[in-house]
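Structural overview
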Amino acid sequence: MREEKLRSETKKKKRIRSYPIIVLSIVYCLLFASMLGYICYYSYTNKQEFMNNKYNTRQQILTAKNKRGDILSREGEVLATTELDAEGKEKRVYPYEKEFAHVVGYSTNGKSGIEEFANYYLINTSIELSEKAALDKAGQKYPGDNVITTLDTHLQEVAYNALASRKGAIIVTDPKTGEILAMVSKPDFDPNTIAAEWDNMLKDTSGDAKLLNRATQGLYPPGSTFKIVTSIAYLTEHPTDYTQYRFSCNGKFAKGSDVISCYHGENHGNLDFYGSFAESCNSSYANIGLSVNQKTFNDTLDKLMFGQDLPVNFRYSKSSAEYTAGMSTADVMQLSIGQGTTAVSPLHINMITSAIANDGVLMKPHLISEVKCANGKVVDTFQEEKVKRLISSEEAGILRDMMEQVVLKGTASKLKGLSYTAAGKTGSAEFNSNSDSHAWFTGYAPADDPEICVTIIVENAGSGGSYAVPIAKRIFDAYFGVE
Amino acid sequence: MEVYITEISKYVIAGLLFLYTLEAFMAFRFKNEEKRKWLYARQIILMFAVQIACFVQIMARTGKAVYLFFFAFQIIIFASVIMLFYIIYPEGNRLIINNSCMLLMIGMIILTRLSYDRAVRQFFIIVASFVIGFFVPEIIFKFDFLKKFTWIYAALGVTAIGVVLLLGAVTNGSKISYTVGGITFQPSEVVKILFLFFMAGALYSSENIWQLLLTSFVAAVHVIILVLSKDLGSALIFFVIYLAMIYISTENIGYLAMGLGFATLASAVAYQHFSHVQVRVRAWMDPFTDIEGSGYQVSQSLFGISSGGWFGVGLYGGSPSSIPFVEQDFIFSAIAEELGVIFAVMMALICVSTFIEIMRIGYFLRDKYYRLVVCGIGVAYIFQTFLTIGGGAKFIPLTGVTLPFVSYGGSSVLVTIIMIMIVEGICMIRTDEKKEAIERIRRQRDNERRKASQRD
């Protein structure tokens, strides 16, 4: 028995002539498998980004073959198209002129806006082979794919007119889907004539920064809109006993030698947590901010994506807000009321507001709903996409109550008593002592089942309640059809 | 009409190469050449079908008649190589020859598209290499005494690359070639063969640790000269050959681990002390930051690979010439762009199939010397392929070596064809071994039978 076992074992051993050869063969096969897998994955996922890189000469091959596709609004209105002039030269035409300047962008002298990030679709074509053959015969270029946006021409028009000649930005979204319905930035430019005006625009030193899309790339002190963030930090530490919060405001709040005063030194009297928010009491919020643990505050900032990448496909500026270890009491108080070094983009504030309106869940803000071939075939669709839960359902509920109080009893009373209900938060961000503050409003309507979320900033205007809220009202009116 | 041909031929080309690759791996189901006969026949048909489909695409796009003659000539030459090989060496391994010809053909197609003049030059080098190469198996088979020149190989090799270091011309910042009578040689390629034979000879006869150390020392001299010549790719290949052969010879995985540990340490030191190493590593980690400078090659290569998509933009449809040194170092990217990622991956898999077959031959060899040579060739081949494809695809840092069989470059093609022919020669030795073994068993049986009958 034993001998037999021994013999069979030696037989097995004999069968493998050289382990190293097997080991080496397997190692190299695995190496190749991972490398080829990597190549497929990497080239597929980065295809669009690489094609849009300005150092990639392959763009020219496509533009020589295909006519740049159209950009359409959600109703199918043409926002950008390519026409042939009398000499047969291609010309990019923007029928709405300045109205969609920043969001749609331009495609000469570099690219911006949708023209930039949807460039891949616009310069590629998905028409059938037979159509290509027919166009070849006729000596015509292939039509590029058309991009259908989520933009609403009516809301855009209202927002554009509401901002009038003021500098600032407006962004309107659907909190349930993340669709961007309108996006305005001023001062603006006419994309039809940008090539001719380019040199002058570059020379311009007035600080207008006409080309900058303030809605996504502008960074502003958030002012009182930041009290939303401070409130979330406070609620994390006081999930139930926040109702017991009391503060007596006499127009200013002092801690040691550091003093914070309320807007225009107003005396708010006795306040609870809701009241502090509705009246936008700086003194009370300095007090709240100081009571919050540094770690809690920073965790809240992280959770709300401050200093982080935002989940969007287009260009934006990163917001910054930080509670550093050695921060002075004065700076903490400034942080709590959205002043000091804190800087945010209107887009970011809109995302936080949308998440609150959507029960704490952030939907990915997007501008494109569909890409269609010239023959009507759908090439690509972009469904609504849940990014993540920013805050708990309970916290979102409390904040919605608070934001409703702002309209009912506080600084956004111009939205009270309308055919629809609204909620939000105003802000008046002071950035230097010489000029008027930036007027902010961020909010949504209807209050009980939010369908539309707007964020407005008007530069150097005055208080949010007086200058930003009326713009919000005009947009809400337009949305609910009560003009 | 043109658009139909170019669009449809894209899928046809990828499909045909897919079938070829499938056959290249199906071959491993059959152990002996006789059973693979029909599979090889199918492979040859597919091979020429790929060639013709690519040619049709080129004709549709360019309409130049001169290509017609060139391609007809290529088909004649490759067909005769395959036939002649079968007639002269019926006992050789035909999977390796088929794969080699397939890869050479792919190389010719993409080179024709990139630069017709270079393609013609390359074609003549291929023909010349095969003329030389056809003698190699016979030499290996007949002249067993070649095993004895171990130290002469080392001396020759060190001298050749040493001379380049001292007198060499600078190409792309590394001293790797020298020109004699108008022809530029890249000795590190030829020395690779000498090195393989030196290592095999030294390890074959080594009995103690001291001999092993001496061998390692001589190998290190090779590698150090190449590092000083800034030919990092070749230095790496030599080092990997050394490691693999030591491991196969000693069957001790400790040496492999030690070698890899040493390599990690050496890379860390090299990274800290050589600026050209740092540049390459940075260009690998993020080629886009310095896209106008050190990252230019890799980012252009990546643009090429990704722009083609699964089926490519068709020959003459892309802009592979925007990649610097596309014919040598980035031929894979050009292929991926115009013939598609699927085609490029299939091509890499054909290289893997060739590697597996080479290692299989080594595995079944009884003669340890030739086993070391064959496996050394296998590892050298696959590692070089890995370096060039991985370097261009940002999988590993770029080292600037050619893709064997496919890239433009005289020394590279000649040396690769000779290496493959050495494998074929050794393959005949293996067939011989098999016959001997059968003979031995028969004799044993006869003896036993005789003994048994005597007892009766």
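Residues numbered from 1 in each chain as written. Chains lettered and ligands numbered in written order. Predicted model: local features only at pLDDT ≥ 70, side-chain atom pairs only at ≥ 80, totals over all residues.

**A word on the overall build of chain A**
Counting secondary structure elements, chain A contains 20 helices and 19 strands. Taken over the C-alpha atoms alone, chain A extends approximately 95 × 90 × 45 Å along its principal axes. Residues classed as buried in chain A amount to 47% of the 483 residues present. Counted over contacts in chain A with a minimum sequence separation of 6, partners at least 24 positions apart contribute 67%. (Helix = DSSP H or I, 4+ residues; strand = E, 2+ residues; numbered from the N terminus. Buried ≥ 20, exposed ≤ 12 C-beta atoms within 10 Å, placed from the backbone. Contact = placed C-beta atoms within 7 Å.)

**A short note on the overall build of chain B**
The helix and strand tally for chain B stands at 17 helices and three strands. Seen through its principal axes, chain B has C-alpha atoms that stretch 85 × 55 × 40 Å. Here chain B, with 456 residues, has 50% of them falling under the buried criterion. Of all intrachain contacts in chain B linking residues separated by at least 6 positions in sequence, the fraction that spans at least 24 positions is 71%.

**Points about the nonpolar core**
Residues M199, I241, I335, V423 and I426 of chain B are the most contacted members of the largest nonpolar core, which totals 147 residues. At 17 residues, the largest contribution of residues to this core is made by helix 15 (residues 341-364) of chain B. Excluding residues within four positions of it along the chain, I241 of chain B makes contact with F195, L196, M199, G376, V379 and A380 of chain B. Among the nonpolar cores identified, the runner-up in size contains 119 residues, and F253, C262, A429 and F441 of chain A belong to it. (Core = buried A, V, L, I, M, F, W, Y, C linked by C-beta atoms within 7 Å.)

**Overview of the sheet that holds strand 14 (residues 368-372) of chain A**
Residue and element names in this part refer to chain A. With respect to topology, six strands assemble into an open sheet ordered 4-3-2-6-14-15, the strand pairing being mixed. With one partner strand each, in any of the chains shown, strand 4 (90-93) and strand 15 (378-381) form the two edges of the open sheet. Inspection of the sheet shows strand 3 (residues 78-84) paired to strand 4 by four bridges, in the antiparallel sense. Its bridge partner lying in strand 4, E83 is registered against K91. (Pairing = 2+ DSSP bridges.)

**Comments concerning the interface of chain B and chain A**
On the chain A side, the residues contacting the 35 residues of chain B number 31 residues. Counting only elements with at least two residues in the side of chain B that touches chain A, the list comes to helix 1 (2-26), helix 10 (232-250), helix 13 (296-308), helix 15 and helix 16 (368-392) of chain B. Per element, the largest residue contribution to the side of chain B that touches chain A is nine residues, and it comes from helix 15 of chain B. Along the lines of polarity and charge, the residues of the side of chain B that touches chain A split into 24 nonpolar, nine polar and two charged. (Nonpolar A, V, L, I, M, F, W, Y, C, P; charged D, E, K, R; others polar.)

**Quick notes on the packing of helix 13 of chain B against helix 14 (residues 331-339) of chain B**
All names here are of chain B. Where helix 13 meets helix 14, the closest approach of the two axes is 6 Å, and the angle between their N-to-C directions is 25°. Regarding the angle of helix 13 to helix 14, the classification is roughly parallel. Of the two elements, helix 13 crosses helix 14, and the hand of that crossing is left-handed. For the pair formed by helix 13 and helix 14, the contact residues are S301, G304, I305, S307 and G308 on the first element and S333, A334, A336, E337 and E338 on the second. Per-class residue counts for the contact of helix 13 with helix 14 are three nonpolar, five polar and two charged. (Axes fitted to C-alpha atoms, helices over the stretch in contact; angles between N-to-C directions. Parallel < 35°, antiparallel > 145°, perpendicular 65-115°, else oblique. Left-handed = near helix turned anticlockwise from the far one by under 90°.)

**Let's talk about unusual backbone geometry**
Residue and element names in this part refer to chain A. Cis geometry marks the peptide bond from K186 to P187; its omega dihedral reads 5°. One can find P187 in the loop between strand 8 (180-186) and helix 10 (194-203). Of the consecutive residues A445 and P446, the connecting peptide bond is found in the cis state with omega at -15°. A positive phi angle is found at N109, which is not glycine, with a value near 50°. Positive phi, close to 60°, is recorded for H264, a residue that is not glycine. By secondary structure assignment, the location of H264 is in the loop between strand 11 (258-261) and strand 12 (269-271). H264 sits in the exposed class, given 8 other C-beta atoms within 10 Å.

**Some points on the sheet that holds strand 18 (residues 438-445) of chain A**
All names here are of chain A. With antiparallel pairing, the five strands of this open sheet are ordered in space as 8-7-19-18-17. With partners counted over all chains shown, the strands left at the sheet margins are strand 8 and strand 17 (423-429), one partner each. Averaged over all pairs of adjacent strands, the angle between strand axes in this sheet comes to 5°, irrespective of strand direction. Two elements, strand 17 and strand 18, share seven bridges in a ladder whose sense is antiparallel. Opposite G424, over in strand 18, you have G443 as the bridge partner.

**A few points about the pairing of strand 15 of chain A**
Bridge count between strand 14 of chain A and strand 15 of chain A: three bridges; the pairing is antiparallel. Of the residues in strand 15 of chain A, the one forming a bridge with K372 of chain A is V378 of chain A.

**Details of the pairing of strand 17 of chain A**
For strand 17 of chain A, the buried fraction is high: seven of the seven residues fall into the buried class. Residues A423, K425, G427 and A429 of chain A of strand 17 of chain A are buried on one face, and the alternating residues G424, T426 and S428 of chain A, pointing to the opposite face, are buried as well.

**Description of the packing of helix 4 (residues 94-114) of chain B against helix 15 of chain B**
Each packed pair of helices is defined by two parameters, the angle between the axes and the distance between the axes. Residues and elements named next belong to chain B. Viewed as axis vectors pointing N to C, helix 4 and helix 15 meet at an angle of 155°, and their least axial separation amounts to 10 Å. Between helix 4 and helix 15, the angle is such that the two are roughly antiparallel. Crossing hand, helix 4 versus helix 15: left-handed. Taken together, the residues of helix 15 that come into contact with helix 4 (itself represented by L95, I96, N99, M102, L103 and I106) are M347, I350, S353, T354, E357 and I358.

**Points about the environment of T193 of chain A**
Mapped onto the elements of the fold, T193 of chain A is located in the loop between strand 8 and helix 10. By C-beta crowding, T193 of chain A is classed as exposed, having 11 other C-beta atoms within 10 Å.

**Looking at the environment of I224 of chain B**
Among the structural elements, I224 of chain B can be located in helix 9 (residues 209-228). I224 of chain B sits 215 residues away from E439 of chain B along the chain, and the two C-alpha atoms are 48 Å apart.

**Let's talk about helix 15 of chain B**
Compared with an ideal rise of 1.5 Å per residue, which puts 24 residues at 34 Å, helix 15 of chain B spans 35 Å between its outermost C-alpha atoms and is within 8% of the ideal. Within helix 15 of chain B, 21 of the 24 residues are buried, which leaves it mostly tucked inside the rest of the structure. (Expected span 1.5 Å × (residues − 1).)

**Side note on the environment of A286 of chain A**
Structurally, A286 of chain A can be placed in helix 14 (residues 282-291). Residues A286 of chain A and R74 of chain A lie 212 residues apart in sequence; the distance between their C-alpha atoms is 44 Å.

**Some remarks on the confidence of the model for chain B**
Here chain B shows a mean pLDDT of 89. Residues at 70 or above account for 96%. Confidence metrics for the complex model read pTM 0.84 and ipTM 0.93. (pLDDT = per-residue confidence, 0-100.)

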